[in-house]
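# Observations on the model geometry
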Amino acid sequence: MEHTHQDENERRQHEKFLRMTTEKPEKLICKLAIPSIISMLITSFYNMADTFFIAKLENTSATGAVGVAFSLMAIIQAFGFFLGHGSGNYISRELGKKNLKSAEEMASIGFFTALIGGALMTTLGLIFLSPLAKLLGSTDTILPYAKDYIRYILIGCPYMCASIVLNNQLRFQSNAFFGMIGLASGAVLNIALDPIFIFGLGLGVSGAAIATIISQFVSFILLLIGMQKSDSLKIRISSFRPKGAYYVQIFKGGAPSLFRQGLGSVAGICLNFTAGNYGDSAVAAIGIVSRIMMFAASALIGFGQGFQPVCGFNYGAKLYGRVKRSFVFCVKYASIFLVIFAVVLFIGAPWIISQFQKEDPQVLSIGILALRCQSVTFPFMAWVVMSNMMTQTIGKVYKASILAMSRQGIMFIPCVLILPLFFDIWGLLLAQPAADMLAFIIALPIQLSEMRELDKLALENPVV
């Protein structure tokens, strides 16, 4: 019986290999990107839901608390994406090479490591709750609300990390649809629970966090079921065999995500501290704009996530021409989309910000200016994000790490700390646009050299 099951699994994996390496890459990318885009948009939307409903409390400090907690969410996501992208990139390449056993072991190692690491983060976070909230950039007036929110987010940390791993492993195996079901279900539930817990039960900021962790748990269960029921590699405790070689591969594939998300959280902390110099209104406004831009970027990331499994399978199969063709297609259409989106954000900034905050005119004015500034350089992210995703997927850890760190770390942190010294609050507003342009300047020559390398490999490995 076990032998029959193994034969069936190998047959299904072979069919997937043929599909990923022979179908038109443009068609494959669009097919895989649609559920990823939906997942990312819905996830970002329900991340904004907390900000939206808490803003209805008409308490600027409470709204600011969500922005502070956003940095913690970035840390949790950094760990989850590190393991999810690290294991997922390896899995896609191994499936491209038809190495099923090592791919199965990696799937379980990524999952169980996330649960264990998440539990450790919960323990340490709850022990040092007040110092943690201050470290994340909370002012004295925001602190009580930030602690109420962060406390519950920490409780959900283990399965939140594991959910990110499951979702990424599903999509790297071209099963993004199951990831979409899991994430979308949790997102819809969160949006429904937010007003019930915040207003109906009178729990305020704590209610928003409780709604989030309940919804995340539902997503976790559905993602786990999707992993087991689909033709994906199965998660088994018997396959959890931690070995140094596997963790080296996780680091190679996941380090860029860790650096990107980790530095993103550091950047968020720096942003909160800098904004705090201009009062709670500035913290609240920047927090709102950060959520809006994350929502806008989520469609781009979802599109790129449709590209990654195609890239990984074909690179593993030495079909380098298909890898380059896929990248060019993604950059072209992502750029067109971002230009349109940027125009909408720039023109619609007053209406968009007013949906989150009408009562505090200072939040409104700062938010509108910040959103318009960031929308101007937003289209350049098509090249930066797609370059980062390609170099990460094919295992170019050094280049991928540089690209991952450039926008929210290497460039942004100095900008947000230095520009306000010379341009006051305008320096705060221009920090992200300046970082975006500098990140593009870094990404351009790195990716062009990588594309020349693909051309060389394609000549050395002609398709027969």
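Structure first, text after, so check above.
Sequence positions are assigned chain by chain, starting from 1 and proceeding in written order. Only residues with pLDDT of at least 70 get local features here, since the model is predicted, and only at 80 or more are side-chain atom pairs given and counted; chain-wide, interface and lining totals rely on the full set of residues. Hydrogens and water are ignored here; the side-chain numbers use all heavy atoms of the structure.

Turning our eyes to something else, we now look at the overall build of the protein chain. Helix and strand definitions follow DSSP, with helices as H or I runs of at least four residues and strands as E runs of at least two, each counted in order from the N terminus. Check the secondary structure of the protein chain and you find 16 helices and zero strands. If you line up the protein chain on its principal axes, its C-alpha atoms span 65 × 45 × 35 Å. Per-residue accessibility, obtained with a 1.4 Å probe over protein chains only, is compared with the maximum for each type, and a residue is labelled buried under 20%, exposed over 50%, and partly exposed between these values. Taking all 464 residues of the protein chain together, 60% fall into the buried category. We call two residues contacting when some pair of their heavy atoms lies within 4.5 Å. Contacts in the protein chain between residues at least 24 apart in sequence constitute 83% of all its contacts with a sequence separation of at least 6. The Shrake-Rupley method, run with a 1.4 Å probe, gives the accessible areas here. Residue values count only the displayed protein chains as cover. Counting only carbon and sulfur atoms, one obtains 71% of the accessible surface of the protein chain, whose full area is about 17,900 Å². Of the charged side chains in the protein chain, 36 are positive and 25 negative; the average position of the first set lies 6 Å away from that of the second. Charge counting follows a simple rule: Lys and Arg are positive, Asp and Glu are negative, and His as well as the terminal groups are ignored. Lysine's charge is taken at NZ, arginine's at CZ, aspartate's at CG and glutamate's at CD.

Turning our eyes to something else, we now look at the packing of aromatic side chains. For Phe, Tyr and Trp, where Trp contributes only its six-membered ring, two rings pair if their centres lie within 6.5 Å, and the inter-plane angle classes them as stacked under 30 degrees, edge-to-face over 60, or tilted in between. Overall, the coordinates contain 14 aromatic pairs when judged by the stated rule. Measuring from centroid to centroid gives 5.3 Å for Tyr 315 and Tyr 320, while their planes differ by 75°, and the two rings are edge-to-face. Through successive ring pairs, a cluster of aromatic residues spans Phe 111, Phe 112, Tyr 159, Phe 217, Phe 220 and Phe 240. The rule for a charge over a ring is simple: NZ of Lys or CZ of Arg within 6 Å of the ring centre, and within 35 degrees of the ring normal. If you follow Arg 372 out to its NZ or CZ, it ends over the ring of Phe 346, 5.2 Å from the centre.

Counting 131 residues, the largest nonpolar core has Ile 150, Ile 153 and Leu 371 as the members making the most contacts within it. Leaving out residues up to four positions away in the same chain, Leu 371 has contacts with Val 289, Ile 292, Met 293, Leu 345, Ala 349, Ile 352 and Ile 353. To form a nonpolar core, buried Ala, Val, Leu, Ile, Met, Phe, Trp, Tyr and Cys residues must be joined to one another through side-chain atoms within 4.5 Å.

So, about the pattern of salt bridges. Criterion for a salt bridge: a side-chain nitrogen of Lys or Arg within 4 Å of a carboxyl oxygen of Asp or Glu. A full pass over the atoms with the stated rule returns eight salt bridges. In this structure, the salt-bridge partner of Lys 324 is Asp 455, at a minimum N-O distance of 2.9 Å. Here the residue Lys 324 occupies a position in helix H12 (residues 320-354), and Asp 455 occupies one in helix H16 (residues 425-460), the gap between them amounting to 131 residues. Accessibility expressed as a relative area gives 24% for Lys 324, which makes it partly exposed.

For the rest of this paragraph, the subject is the side chain of Ser 281. On the secondary structure map, Ser 281 appears in helix H11 (residues 280-316). The class of Ser 281 is buried, set by a relative accessible area of 10%. Filtering out sequence-adjacent residues up to four positions away, Ser 281 remains in contact with Thr 60, Asp 360, Gln 362 and Val 363.

Here H12 crosses helix H13 (residues 361-377) at 170°, and the two axes come no closer than 9 Å. On the basis of the axis angle, H12 is roughly antiparallel to H13. The handedness of the crossing between H12 and H13 is right-handed. Across from Ala 342, Leu 345, Phe 346, Ile 347, Ala 349, Pro 350, Ile 352, Ile 353 and Ser 354 in H12, the residues of H13 making contact are Val 363, Leu 364, Gly 367, Ile 368, Leu 371, Arg 372, Ser 375 and Val 376. Of the residues that constitute the contact of H12 with H13, the class distribution is 13 nonpolar, three polar and one charged. As a rule, the C-alpha atoms of each element are fitted with a line to give its axis, helices using only the stretch in contact, and angles between N-to-C directions run from 0 to 180 degrees. The labels follow the angle: roughly parallel below 35 degrees, roughly antiparallel above 145, roughly perpendicular from 65 to 115, and oblique for the rest. The crossing is said to be left-handed when, going from far helix to near helix, the turn is anticlockwise and less than a right angle, and right-handed when the turn is clockwise. In this classification, the charged set is Asp, Glu, Lys and Arg, the nonpolar set is Ala, Val, Leu, Ile, Met, Phe, Trp, Tyr, Cys and Pro, and all remaining amino acids, among them Gly, are polar.

A positive phi angle is found at Lys 318, which is not glycine, with a value near 65°. If you trace the backbone, Lys 318 turns up in the loop between H11 and H12. The phi torsion at Asp 424 lies on the positive side, around 55°, for a residue other than glycine. Position of Asp 424 among the secondary structure elements: in the loop between helix H15 (397-423) and H16.

Attention now goes to the packing of H11 against H13. In a packed pair of helices, the relevant descriptors are the angle between the two axes and the axis-to-axis distance. Contact geometry for H11 and H13: axes closest at 8 Å, N-to-C directions at 40°. With respect to their mutual orientation, H11 and H13 come out oblique. For the pair H11 and H13, the crossing hand works out as right-handed. For the pair H11 and H13, contact is made by Ser 281, Ala 282, Ala 284, Ala 285, Ile 286, Ile 288, Val 289, Ile 292 and Met 293 and by Gln 362, Val 363, Ile 366, Gly 367, Ala 370, Leu 371 and Gln 374, respectively. The class makeup of the residues in the contact of H11 with H13 is 12 nonpolar, four polar and no charged.

Right, let's get into a nonpolar patch on the surface. In this analysis, a patch consists of residues with relative accessible area above 30% that form no salt bridge, clustered at 9 Å for like charges and at 5 Å for the nonpolar side chains Val, Leu, Ile, Met, Phe, Trp and Tyr. On the surface, a cluster of nonpolar side chains totalling about 840 Å² of accessible area is made up of Leu 369, Leu 417, Ile 418, Leu 421, Phe 422, Phe 423, Trp 426 and Leu 430. Those elements that place two or more of their residues in the nonpolar patch are H15 and H16. The residue Leu 421 is located in helix H15 in this model. Look at Leu 421 and you get exposed, because its relative accessible area is 68%.

Moving on, we get to the side chain of Thr 122. Mapped onto the fold, Thr 122 is located in helix H4 (residues 100-127). When residues no more than four places from it in sequence are discounted, the contact partners of Thr 122 are Leu 154, Ile 155, Cys 157 and Pro 158.

Within the secondary structure, Ala 284 sits in helix H11. Accessibility expressed as a relative area gives 1% for Ala 284, which makes it buried. If we skip the residues at most four places from it in the chain, Ala 284 touches Thr 60, Thr 63, Gly 64 and Val 363.

This part is about the state of the cysteines. In this description, a disulfide is simply a cysteine sulfur pair whose atoms lie within 2.5 Å. Summed over the entire model, instances satisfying the criterion amount to zero disulfides. We note that Cys 161 lacks a disulfide partner, and the nearest cysteine sulfur, in Cys 157, lies 4.0 Å from it. Overall, Cys 161 belongs to the buried group, its relative accessible area being 0%. Cys 415 provides the cysteine sulfur closest to Cys 373, a residue in no disulfide bond, and the two sulfurs are 13 Å apart. Here Cys 373 falls in the buried class, since its relative accessible area comes to 13%.

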